[in-house]
Amino acid sequence: MCIRDRYMGNRRLVYRAVSVNLDDSNHAIINYYQTGVRNFTVFACLQMMKPLLSEKSFAYLRTQKQLGYIVSSGIFSYNLIDGAFVLIEGSAAPPDQMNKDIEDFLTVFQTKLENLDEKELQHMKDAVIQTIEQNGKSNEQRTERYWSDILQGEINVGTIDALKAKVPTITKQTLLQVYRQVFQQDVRKLSIQVFSQKYYISNMKSLSDSLLPREILLTDFQQLNMLKRFPPYSEYIGDVSASL
């Protein structure tokens with residue numbers, strides 16, 4: 001099942017599972033923050049934040065908190081449905097604690113964005129533009145890029161050109177506004193938490209008290225499967241075009 005095209009609504013959903021390997025002491029979590037049907041202002045902001053988000057999440061969650069041997073973050077895009085994610089795998093802390101630490105990091109990261117100067121903001125823009133230009137110097141590269149987009153559900157092959165045009169227009173105020181909308185105000189979150197068997201058996205009774213404020217626990221995988229799908233691309237293409 002692809003969760004990326006499911007409509008989260010303004011909800012903070014949590015799904016918990018248990019590792020199938022009894023001898024594995026590792027836990028894992030992925031927090032997915034859905035931004036919804038593509039808006040190119042939001043999409044440009046996500047692309048600009050992506051390298052810094054990856055760097056700072058690793059420094060905070062891996063180096064400082066030492067939560068796991070795998071820490072990564074990035075952008076999910078599927079069929080013009082966008083979102084960001086943070087992933088951790090390790091045995092130092094259970095997923096419910098990892099979830100709290102991810103939310104703490106997002107608060108710390110907002111402070112970093114608030115303190116950006118114009119030089120740093122321009123560097124973020126230049127990095128996106130440079131990546132686009134490096135990946136599209138030849139017809140072969142552009143063809144490969146478009147096919148890659150199509151295979152991942154990115155059926156609007158004009159995305160790259162629209163992104164390149166939008167990035168230079170992004171201000172610091174816009175960047176902060178989008179960040180607050182996605183991660184604080186209009187939060188559409190799905191946290192998938194996988195516990196080691198031994199930890200879950202020992203702590204299952206107390207886990208119900210470990211949800212963060214406004215989080216909703218999904219007790220069955222079918223509840224994920226029953227989440228409403230976004231309409232087909234053809235039904236919202238007009239809205240996407242308007243967001244340019």
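Draft legend 1. Representation of the side chain of Gln197. Topologically, Gln197 is positioned in helix 7 (residues 197-203). One polar contact links the side chain of Gln197 to the main-chain carbonyl oxygen of Val20, over a distance of 3.2 Å. Every residue in contact with Gln197, bar those within four places of it in the chain, is listed here: Val18, Ser19, Val20, Asn21 and Leu22.

Draft legend 2. Geometry of the packing of helix 1 (residues 40-64) against helix 6 (residues 172-185). Contact geometry of helix 1 with helix 6 gives a least axis separation of 10 Å together with a crossing angle of 95°. Between helix 1 and helix 6, the angle falls in the class roughly perpendicular. Contact residues: helix 1 offers Thr41, Val42, Cys45, Met48 and Met49, while helix 6 offers Thr174, Leu175, Val178 and Tyr179.

Draft legend 3. Broad picture of unusual backbone geometry. Even without glycine at this site, Gln66 takes up a positive phi of about 50°. Taking the relative accessible area as the measure of exposure, Gln66 reaches 55% and is therefore exposed.

Draft legend 4. Representation of the sheet that holds strand 3 (residues 70-78) in the model. If you trace the six strands from one edge of the open sheet to the other, you get 3-4-2-5-1-6, paired in mixed fashion. Each having just a single partner strand, strand 3 and strand 6 (215-218) make up the two edges of the open sheet. If you compare each strand with its neighbour and ignore which way they point, the axes differ by 20° on average. Inspection of the sheet shows strand 1 (residues 12-18) paired to strand 6 by four bridges, in the parallel sense. Bridge pairing links Tyr15 to Leu218 in strand 6. Running over the sheet, helix 1 touches strand 2 (27-37), strand 3 and strand 4 (81-90) and is turned about 165° from strand 3.

Draft legend 5. Summary view of the environment of Asn39. Note on placement: Asn39 falls in the loop between strand 2 and helix 1. Sequence separation of Asn39 and Asp82 is 43 residues, and the distance between their C-alpha atoms is 8.7 Å. A polar atom in the side chain of Asn39 sits 2.9 Å from the backbone nitrogen of Thr41.

Draft legend 6. Just the nonpolar core, in detail. One finds Met49, Leu61, Leu113 and Leu175 to be the most contacted residues of the largest nonpolar core, which totals 45 residues. If you list the elements that add at least two residues to this core, you get strand 2, helix 1, strand 3, strand 4, helix 2 (95-114), helix 3 (118-134), helix 5 (159-166) and helix 6. Among the nonpolar cores identified, the runner-up in size contains nine residues, and Tyr15, Tyr32, Ile81 and Leu227 belong to it.

What counts as what
- Residues numbered from 1 in each chain as written.
- Predicted model: local features only at pLDDT ≥ 70, side-chain atom pairs only at ≥ 80, totals over all residues.
- Heavy atoms only, no water.
- Helix = DSSP H or I, 4+ residues; strand = E, 2+ residues; numbered from the N terminus.
- Polar contact = N/O pair within 3.5 Å; in protein donor to acceptor, adjacent residues only side chain to side chain.
- Contact = heavy atoms within 4.5 Å.
- Axes fitted to C-alpha atoms, helices over the stretch in contact; angles between N-to-C directions.
- Parallel < 35°, antiparallel > 145°, perpendicular 65-115°, else oblique.
- Buried < 20%, exposed > 50% of the residue type's maximum accessible area, 1.4 Å probe, protein only.
- Pairing = 2+ DSSP bridges.
- Core = buried A, V, L, I, M, F, W, Y, C linked by side-chain atoms within 4.5 Å.

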